[in-house]
Amino acid sequence: MKPMTAGVTPAGQGIDGIVWNILGQTYVPKHLTESSFSWHATFPPGTFVPPHIHPNQDEFIYVLEGRFDLVLDGQEVGAGPGDLIRLPRGVPHGIFNKSDAPTKCVFWVSPTGPLYDLFWGIHSMAEQNPAEVVALAAKHEVDFLPPPPDGA
């Protein structure tokens with residue numbers, strides 16, 4: 001990875017023109033160094049990232065538009081425009097857009113770890129089926145949690 005340089009990443013642009021499709025969401029990487037990685041994300045209505053854990057990264061989400069319903073360490077909370085979501089390493093979390101409008105936000109993690117490579121891997125899948133995404137994620141330091149038992 002390259003060291004960070006001073007500058008501005010313009011709106012609507014990302015690293016090398018990259019745009020990823022991740023679980024029905026659009027991710028545009030904005031910044032990448034060994035110590036941190038950021039991306040702009042658009043979550044269409046009804047999309048989500050199931051509960052998971054980053055054992056080696058702290059994650060943050062700054063909500064620009066829309067609303068997220070979250071499960072944070074077993075608790076349900078909501079976040080809207082201007083809110084900062086803090087997700088310390090090791091804390092289980094799931095991110096859901098249950099609204100009828102897109103949610104736009106900026107994510108960043110520290111340190112970067114293998115997350116950038118995970119996104120390339122998911123984006124490159126012919127079909128992003130859950131079992132393959134979960135298996136790939138486990139190889140990139142993201143541990144998806146099993147779904148709750150029926151009725152829970």
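Residues numbered from 1 in each chain as written. Predicted model: local features only at pLDDT ≥ 70, side-chain atom pairs only at ≥ 80, totals over all residues. Heavy atoms only, no water.

**Q** Requested: an account of the overall build of the protein, with residues and values cited.
**A** Scanning the protein from terminus to terminus reveals two helices and 11 strands. In sequence order, the protein lays out its α and β elements as β-β-β-β-β-β-β-β-β-β-α-α-β. For 152 residues, the compact-globule estimate of 2.2 N^0.38 gives 15 Å, and the C-alpha radius of gyration of the protein, at 15 Å, lies within 12% of that figure. In terms of overall dimensions, the protein has C-alpha extents of about 50 × 35 × 30 Å along its principal axes. A burial count over the protein gives 37% of its 152 residues as buried. When contacts within the protein are restricted to residue pairs at least 6 apart in sequence, long-range pairs at least 24 apart make up 65% of them. (Helix = DSSP H or I, 4+ residues; strand = E, 2+ residues; numbered from the N terminus. Rg over C-alpha atoms; globule rule 2.2 N^0.38 Å. Buried < 20%, exposed > 50% of the residue type's maximum accessible area, 1.4 Å probe, protein only. Contact = heavy atoms within 4.5 Å.)

**Q** Tell me about the pairing of strand 8 (residues 84–87), and name the residues and values.
**A** Going residue by residue along strand 8, you find Ile 85 and Leu 87 tucked away on one face and Leu 84 and Arg 86 left uncovered on the opposite face. Examined bridge by bridge, strand 5 (residues 58–65) and strand 8 share four bridges and lie antiparallel to one another. Each residue of the ladder has a partner; that of Tyr 62, found in strand 8, is Leu 84. (Pairing = 2+ DSSP bridges.)

**Q** Could you give me a rundown of the pattern of salt bridges, with the residues and numbers involved?
**A** Evaluation of the coordinates by the stated rule reveals two salt bridges. Two residues, Asp 58 and Arg 89, come together in a salt bridge whose shortest N-O distance is 3.1 Å. Taken together, the residues span a long stretch of sequence, with Asp 58 in strand 5 and Arg 89 in the loop between strand 8 and strand 9 (93–96) at a distance of 31 residues. For Asp 58, a relative accessible area of 24% translates into the label partly exposed. Judged by relative accessible area, which is 39%, Arg 89 ranks as partly exposed. Here Asp 69 makes a salt bridge to Arg 67, at a shortest N to O gap of 3.5 Å. You can call Arg 67 partly exposed: its relative accessible area is 40%. (Salt bridge = Lys/Arg side-chain N within 4 Å of Asp/Glu carboxyl O.)

**Q** Tell me about unusual backbone geometry, and please be specific about residues and values.
**A** Leaving glycine out, the prevailing phi sign among residues is negative, and the prevailing peptide bond configuration is trans. For the peptide bond that leads from Ser 110 to Pro 111, omega is -10°, which places it in the cis range. Take Pro 111: it is sitting in the loop between strand 10 (103–110) and helix 1 (115–124). One non-glycine residue, Asp 16, lies in positive phi territory at about 50°. Here Asp 16 is to be found in the segment before strand 1 (20–22). Note on Asp 16: relative accessible area 74%, which makes it exposed. In this structure, Glu 141 takes a positive phi of about 65° despite not being glycine. On the secondary structure map, Glu 141 appears in the loop between helix 2 (130–138) and strand 11 (143–144).

**Q** Provide a residue-level description of the environment of Ile 18, including the pertinent values.
**A** Looking at the secondary structure, you find Ile 18 in the segment before strand 1. Its relative accessible area of 9% is what places Ile 18 among the buried residues. Residues Ile 18 and Val 28, spaced 10 residues apart in sequence, show a C-alpha to C-alpha distance of 6.2 Å. If near-sequence neighbours (up to four positions away) are discounted, Ile 18 is found in contact with Tyr 27, Val 28, Pro 29, Tyr 116 and Trp 120.

Function-wise, these values are silent; they only describe arrangement.
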